[in-house]
Amino acid sequence: MANEKPLRKIAEAFKELEAAVKSETGEVEVAPFSQACSLVSPLFGCLGIAFKFAEMDYVAKVHDLAEASKSISTLHVLVDRDMEAGTVRKAGGHARNLLRVKRGIDMVKVLFEQIIITKGNSLKDPASKAYQQVFAPHHGWVIRKAVAAGMYALPTKEQLLHKLNEDETSAKAQMQNYVAASAPLILYIDKLFQTRNLGVDW
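Not measured: the values here are computed from a predicted model.

Caption draft 1: Main features of the overall build of the chain. In terms of helices and strands, the chain carries nine helices and zero strands. The N-to-C order of helical and strand elements in the chain reads α-α-α-α-α-α-α-α-α. Counting all 202 residues of the chain, 50% fall into the buried class. Within the chain, contacts between residues separated by at least 24 positions form 74% of all contacts whose residues are at least 6 apart in sequence. When the accessible surface of the chain is split by element, carbon and sulfur atoms take 54% of a total near 9,900 Å².

Caption draft 2: Local environment of the environment of Asp 82. Structurally, Asp 82 is set in helix α4 (residues 75–85). Judged by its relative accessible area of 7%, Asp 82 falls in the buried class. Contacts of Asp 82, omitting those with residues within four sequence positions, involve Thr 87, Val 88, Gly 93, His 94 and Ala 95.

Caption draft 3: Quick look at unusual backbone geometry. Look at Asn 165: it is not a glycine, yet its phi comes out positive at around 55 degrees. Within the fold, Asn 165 resides in the loop between α8 (157–163) and α9 (168–194). Under the relative-accessibility criterion, Asn 165 is labelled partly exposed at 25%. Even without glycine at this site, Asn 197 takes up a positive phi of about 55 degrees. The topology assignment puts Asn 197 in the segment after α9. Residue classification places Asn 197 among the exposed positions, given a relative accessible area of 72%.

Caption draft 4: The arrangement of the nonpolar core in detail. Counting residues in each nonpolar core, the largest one holds 66 residues, and the members touching the most others are Phe 14, Phe 33, Phe 51, Leu 98, Met 107 and Phe 193. Sorting the residues of this core by element identifies α1 (6–21), α2 (30–46), α3 (52–68), α4, α5 (94–117), α6 (124–135), α8 and α9 as the ones contributing at least two each.

Caption draft 5: Local environment of α1. The end-to-end C-alpha separation of α1 is 23 Å, in line with the 22 Å expected for 16 residues at 1.5 Å each. Looking only at α1, the buried set comprises Pro 6, Leu 7, Ile 10, Ala 11, Ala 13, Phe 14, Leu 17, Glu 18 and Val 21. Those residues of α1 hidden inside the fold are in contact with α2, α5 and α9.

Caption draft 6: Main features of the side chain of Glu 55. With respect to the helices and strands, the residue Glu 55 is situated in helix α3. At a separation of 3.1 Å, a polar atom in the side chain of Glu 55 contacts the side chain of Lys 52. Not counting residues up to four positions away in its chain, the partners in contact with Glu 55 are Ser 41, Phe 44 and Gly 45.

Caption draft 7: Expanded view of the pattern of salt bridges. Within this structure, the stated rule accounts for eleven salt bridges. In this structure, Glu 18 and Lys 22 form a salt bridge, with 2.9 Å as the shortest nitrogen-oxygen distance. Given a relative accessible area of 18%, Glu 18 falls into the buried group. Among the ionic contacts, a cluster of salt bridges with common partners joins Lys 157, Glu 168 and Lys 172.

Caption draft 8: Quick peek at the environment of Met 56. Here Met 56 is to be found in helix α3. Linking Met 56 and Phe 44, residues twelve residues apart in sequence, is a C-alpha distance of 9.0 Å.

Conventions and cut-offs
- Residues numbered from 1 in each chain as written.
- Predicted model: local features only at pLDDT ≥ 70, side-chain atom pairs only at ≥ 80, totals over all residues.
- Heavy atoms only, no water.
- Helix = DSSP H or I, 4+ residues; strand = E, 2+ residues; numbered from the N terminus.
- Buried < 20%, exposed > 50% of the residue type's maximum accessible area, 1.4 Å probe, protein only.
- Contact = heavy atoms within 4.5 Å.
- Areas by Shrake-Rupley, 256 points an atom, 1.4 Å probe, with all protein chains shown as cover.
- Core = buried A, V, L, I, M, F, W, Y, C linked by side-chain atoms within 4.5 Å.
- Expected span 1.5 Å × (residues − 1).
- Polar contact = N/O pair within 3.5 Å; in protein donor to acceptor, adjacent residues only side chain to side chain.
- Salt bridge = Lys/Arg side-chain N within 4 Å of Asp/Glu carboxyl O.

Here it is in structure tokens:
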């Protein structure tokens, strides 16, 4: 990531998605959504072994949505097509993958919120809270145990910021931008499922 500013790129891309959510049509296109989500992927890599499972799962599902964007215009259409085909909960289905990707961007949102308010150089508390809040309810004992063990191998906050080419002030500003922009998008995706009586806890 030499000389790149991944946090800035992520915040800018999600601001554009937030604008789409708040636009008159309220339609989010699959292509810019999958592109913005792909920018988040390296963050999981920066967190080391604790989030290796999340990185592999997230990257594969974002790739599926990017492929889907070649023939499916919006997130609305994507969910509706799976509903019509009866494949909403099917492993590998686009709607299921969208829900999993949403959890990934939600976890990063909670992680950033916690980094902003947590003093000190350790990422253990922010990362643990983000995992517990977003991923743990959907994981079995084996994965939860592996993640807990991996928490001891997390980089320090200083090491993470160094990898992201940011100082603490600039990083917190970009993290705050992402938190603000991703919140309405996460609600929007939840609503896509809830208004169709599909639920989001599966």
